[in-house]
Amino acid sequence: MTAPKIPDTCPRCDSHDVSLLTASPVPGRWFMYACGVCFYSWRSTEPGYATDPAAYPAAFKIDPTDIPKMLVVPSIPTRRGGTP
Ligand SMILES: [Zn+2]
C-alpha cells in the first residue's frame, strides 16, 4: 500500500493539526484527511479548491480564533424544569 503524504496545513483554517482519517478500500486510491481544529475533512482526490489552502475559497475560510464564538445550530433549548 502506498503510504499517504499527510498535508501539513488545513485548507479551511490553515492550522497544522491534520491527521489521516481513513483510506480507500482499494489500497492507495485515495486518502481522507481531517483537521483537528475546524473538523474539516477532505479526500486526496478532490480538486484544489477543496484541498489546497491557497486555492480554498476565501469566503469559506475559518479563523480558528472565531470557532469558540460561533453559534450552536440548532440552539439547545433550556430544560422545562427551569434548571439549565
Ligand atoms: Zn481546519
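The structure reproduced in this document is the subject of the present report.

Rules of the game
- Residues numbered from 1 in each chain as written.
- Predicted model: local features only at pLDDT ≥ 70, side-chain atom pairs only at ≥ 80, totals over all residues.
- Helix = DSSP H or I, 4+ residues; strand = E, 2+ residues; numbered from the N terminus.
- Rg over C-alpha atoms; globule rule 2.2 N^0.38 Å.
- Buried ≥ 20, exposed ≤ 12 C-beta atoms within 10 Å, placed from the backbone.
- Contact = placed C-beta atoms within 7 Å.
- Pairing = 2+ DSSP bridges.
- Axes fitted to C-alpha atoms, helices over the stretch in contact; angles between N-to-C directions.

### A look at the overall build of the protein chain
Inference 1: Per the secondary structure count, the protein chain includes 1 helix and 3 strands.
Inference 2: In the protein chain, the succession of α and β elements from N to C terminus is β-β-β-α.
Inference 3: Computed over its C-alpha atoms, the radius of gyration of the protein chain comes to 17 Å, more than 25% above the 12 Å expected for a compact globule of 84 residues.
Inference 4: Reported as C-alpha extents along the three principal axes, the dimensions of the protein chain are approximately 55 × 30 × 20 Å.
Inference 5: Looking at the protein chain residue by residue over its 84 residues, the buried ones come to 13%.
Inference 6: In the protein chain, 43% of the contacts between residues at least 6 apart in sequence involve partners at least 24 apart.

### Examining the environment of tyrosine 40
Inference 1: In this structure, tyrosine 40 sits in the loop between strand S2 (31-35) and strand S3 (41-43).
Inference 2: With 20 residues separating them along the chain, tyrosine 40 and leucine 20 place their C-alpha atoms 12 Å apart.
Inference 3: Excluding residues that lie within four positions of it along the chain, tyrosine 40 makes contacts with Cys10, Pro11, Arg12, Cys13 and Cys35.

### Quick word on the environment of proline 47
Inference 1: Mapped onto the secondary structure, proline 47 falls in the loop between S3 and helix H1 (48-51).
Inference 2: Taking the C-alpha atoms as reference points, proline 47 and glycine 28, separated by 19 residues in sequence, lie 18 Å from one another.

### Observations regarding unusual backbone geometry
What you tend to see is this: most non-glycine residues have negative phi, and most peptide bonds are trans.
Inference 1: Here valine 73 and proline 74 are connected by a cis peptide whose omega angle stands at -5°.
Inference 2: Relative to the elements of secondary structure, proline 74 occurs in the segment after H1.
Inference 3: One non-glycine residue with positive phi stands out, namely aspartate 14, at about 60°.
Inference 4: With respect to the helices and strands, aspartate 14 occurs in the segment before strand S1 (18-23).
Inference 5: On the basis of neighbour counts, which here come to 17 C-beta atoms within 10 Å, the residue aspartate 14 falls in the partly exposed class.
Inference 6: Positioned with a positive phi, phenylalanine 39 is a non-glycine residue whose angle comes to about 65°.

### Observations regarding the sheet that holds S3
Inference 1: The 3 strands lie next to each other as S1-S2-S3, forming an open sheet whose pairing is antiparallel. Across the chains shown, the open sheet's two edge strands, defined by having one partner strand only, are S1 and S3. Taking each pair of neighbouring strands and ignoring which way they run, the sheet shows an average axis angle of 25°.
Inference 2: Here S2 pairs with S3 via 3 bridges, running antiparallel. Bridge pairing links alanine 34 to serine 41 in S3.

The analysis is restricted to geometry; functional conclusions fall outside its scope.
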